[in-house]
Amino acid sequence: MRFDSNGKIAAGLVGVVLTMGALSWAAVPFYNWFCKVTGYGGTPSVRAEAANKVLDEYVTVRFDSNVAPGMPWEFRPVQREIRLKIGETGTALYEAYNPSNRVVGGTATFNVAPDLAGYYFTKIQCFCFTEQVLQPGERVEMPVVFYVDPEIVNDPDAGRIRNITLSYTFFEADLPKQQASLPPEKAAGYNR
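In what follows, the accompanying structure is described.

So, how was this worked out
Residues numbered from 1 in each chain as written. Predicted model: local features only at pLDDT ≥ 70, side-chain atom pairs only at ≥ 80, totals over all residues. Heavy atoms only, no water. Helix = DSSP H or I, 4+ residues; strand = E, 2+ residues; numbered from the N terminus. Buried < 20%, exposed > 50% of the residue type's maximum accessible area, 1.4 Å probe, protein only. Contact = heavy atoms within 4.5 Å. Areas by Shrake-Rupley, 256 points an atom, 1.4 Å probe, with all protein chains shown as cover. Pairing = 2+ DSSP bridges. Phe/Tyr/Trp six-rings, centres within 6.5 Å; stacked < 30°, edge-to-face > 60°. Lys NZ or Arg CZ within 6 Å of the ring centre and 35° of its normal. Salt bridge = Lys/Arg side-chain N within 4 Å of Asp/Glu carboxyl O. Axes fitted to C-alpha atoms, helices over the stretch in contact; angles between N-to-C directions. Polar contact = N/O pair within 3.5 Å; in protein donor to acceptor, adjacent residues only side chain to side chain. Core = buried A, V, L, I, M, F, W, Y, C linked by side-chain atoms within 4.5 Å.

Remarks on the overall build of the protein chain
Thought 1: What the protein chain contains, in helices and strands, is three helices and 10 strands.
Thought 2: Ordering the α and β elements of the protein chain from the N terminus gives α-β-β-β-β-β-β-β-β-β-β-α-α.
Thought 3: Burial statistics for the protein chain: of 192 residues in total, 36% are counted as buried.
Thought 4: Partitioning the intrachain contacts of the protein chain with sequence separation of at least 6 by distance along the chain shows that 77% fall at a separation of at least 24.
Thought 5: Summed over all atoms, the accessible surface of the protein chain reaches about 11,500 Å², with 56% contributed by carbon and sulfur.

Now the structure itself:
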């Protein structure tokens, strides 16, 4: 009888460990999905089309840029802010420059502040959706096309927000060895 009770306890503990492992594995994708759906943590939504109405109220969108430690790029917004009507589509440009003597790939993370505005800040096109690769000495302008959803004015908590900051941080991305070792003139045409 003692063996059966110890076996049940051991099986229960193994089940707990397996369940905890599965939950920790699923936590990151679930959290990312949750942030995209709710705008939690300033995560903007993504749409393929512009807003269906434009209000006669304005919002100012400020642009911020950062690079992670060890990332050799210089990265900045071309303009610091844009004032546009709520629902109006805007385009902002960011500039990236690779002053190093090697090919460098980068990926951008982003957020919106205040956090409550994240649900209503909608990106249509963004350089952050794909990995960017710059040759040594290359300078590029990268667009982000966006709008602030008119539904923001109906939100009792976010309805008074009229100043929003869109912030990006670029991190260095590992390039495939074949691409990273090519001379600059050949690396640009490399297909992954």
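Let's pick the thread back up.
Regarding the pairing of strand 2 (residues 58-67)
On a regular strand, each side chain points to the face opposite its neighbour's, so the side chains alternate between the two faces of the sheet.
Thought 1: Pairing between strand 2 and strand 4 (residues 81-85): five bridges, direction antiparallel. For Val-59, the partnering residue across the bridge sits in strand 4 and is Leu-84.
Thought 2: Note that strand 2 and strand 10 (residues 163-173) share eight bridges and pair parallel. The partner of Phe-63 across the bridge, within strand 10, is Leu-166.

What about the packing of aromatic side chains?
Thought 1: Taken as a whole and judged by the stated rule, the model has 13 aromatic pairs.
Thought 2: Taking 6.1 Å as the distance between ring centres and 85 degrees as the angle between the ring planes, the aromatic pair formed by Phe-63 and Tyr-94 counts as edge-to-face. Placement of Phe-63 in strand 2 and of Tyr-94 in strand 5 (residues 90-97) is noted, with a sequence separation of 31 residues between them. You'll find Phe-63 and Tyr-94 in the same group, each marked buried.
Thought 3: Exposure remark for Phe-63: the relative accessible area of 5% places this residue in the buried category.
Thought 4: One aromatic cluster in this structure is built from Phe-63, Trp-73, Phe-75, Tyr-94, Phe-110, Phe-121, Phe-127, Phe-146, Tyr-168 and Phe-170.
Thought 5: If you follow Lys-123 out to its NZ or CZ, it ends over the ring of Phe-110, 3.0 Å from the centre.
Thought 6: One Lys or Arg, Arg-139, reaches over the ring of Tyr-97 and ends 4.2 Å from the middle of that ring.

A word on the pattern of salt bridges
Thought 1: Per the counting criterion, the structure on display carries six salt bridges.
Thought 2: Note that Glu-95 is salt-bridged to Arg-139, the shortest N-O span being 3.2 Å. Of this pair, Glu-95 sits in strand 5 while Arg-139 sits in strand 9 (residues 139-148), placing them 44 residues apart in sequence.
Thought 3: Overall, Arg-139 belongs to the partly exposed group, its relative accessible area being 47%.
Thought 4: Between Arg-102 and Glu-172 there is a salt bridge; the shortest N-O distance is 2.8 Å.

Side note on unusual backbone geometry
Thought 1: For the bond from Ala-113 to Pro-114, the omega torsion is 0 degrees, close enough to zero to count as cis.
Thought 2: Of note, Pro-114 is situated in the loop between strand 6 (104-113) and strand 7 (121-126).

Re the sheet that holds strand 8 (residues 132-134)
Strand pairs in the sheet, formed through backbone hydrogen bonds, run parallel or antiparallel to each other.
Thought 1: Strand order in the open sheet formed by five strands is 4-2-10-6-8, and the pairing between neighbours is mixed. The sheet is open, and its two edges are formed by strand 4 and strand 8, each paired on a single side. Across the sheet, the axes of successive neighbouring strands diverge by a mean angle of 30 degrees, strand direction being ignored.

Considerations on the environment of Arg-160
Thought 1: Residue position: Arg-160 is located in the loop between strand 9 and strand 10.
Thought 2: Looking at Arg-160, the relative accessible area reads 81%, which means it is exposed.
Thought 3: Between the C-alpha atom of Arg-160 and that of Val-59, which follows or precedes it by 101 residues, the distance is 9.9 Å.

As for the side chain of Lys-123
Thought 1: You can see Lys-123 is positioned in strand 7.
Thought 2: One polar contact links Lys-123 to Tyr-168, side chain to side chain, over a distance of 3.5 Å.

Structural notes on the nonpolar core
Thought 1: If you look at the biggest cluster of nonpolar residues, it comprises 34 residues, and the most contacted ones within it are Phe-127 and Tyr-168.
Thought 2: When contributions to this core are tallied by element, the ones reaching two or more residues are strand 2, strand 4, strand 5, strand 6, strand 7, strand 9 and strand 10.

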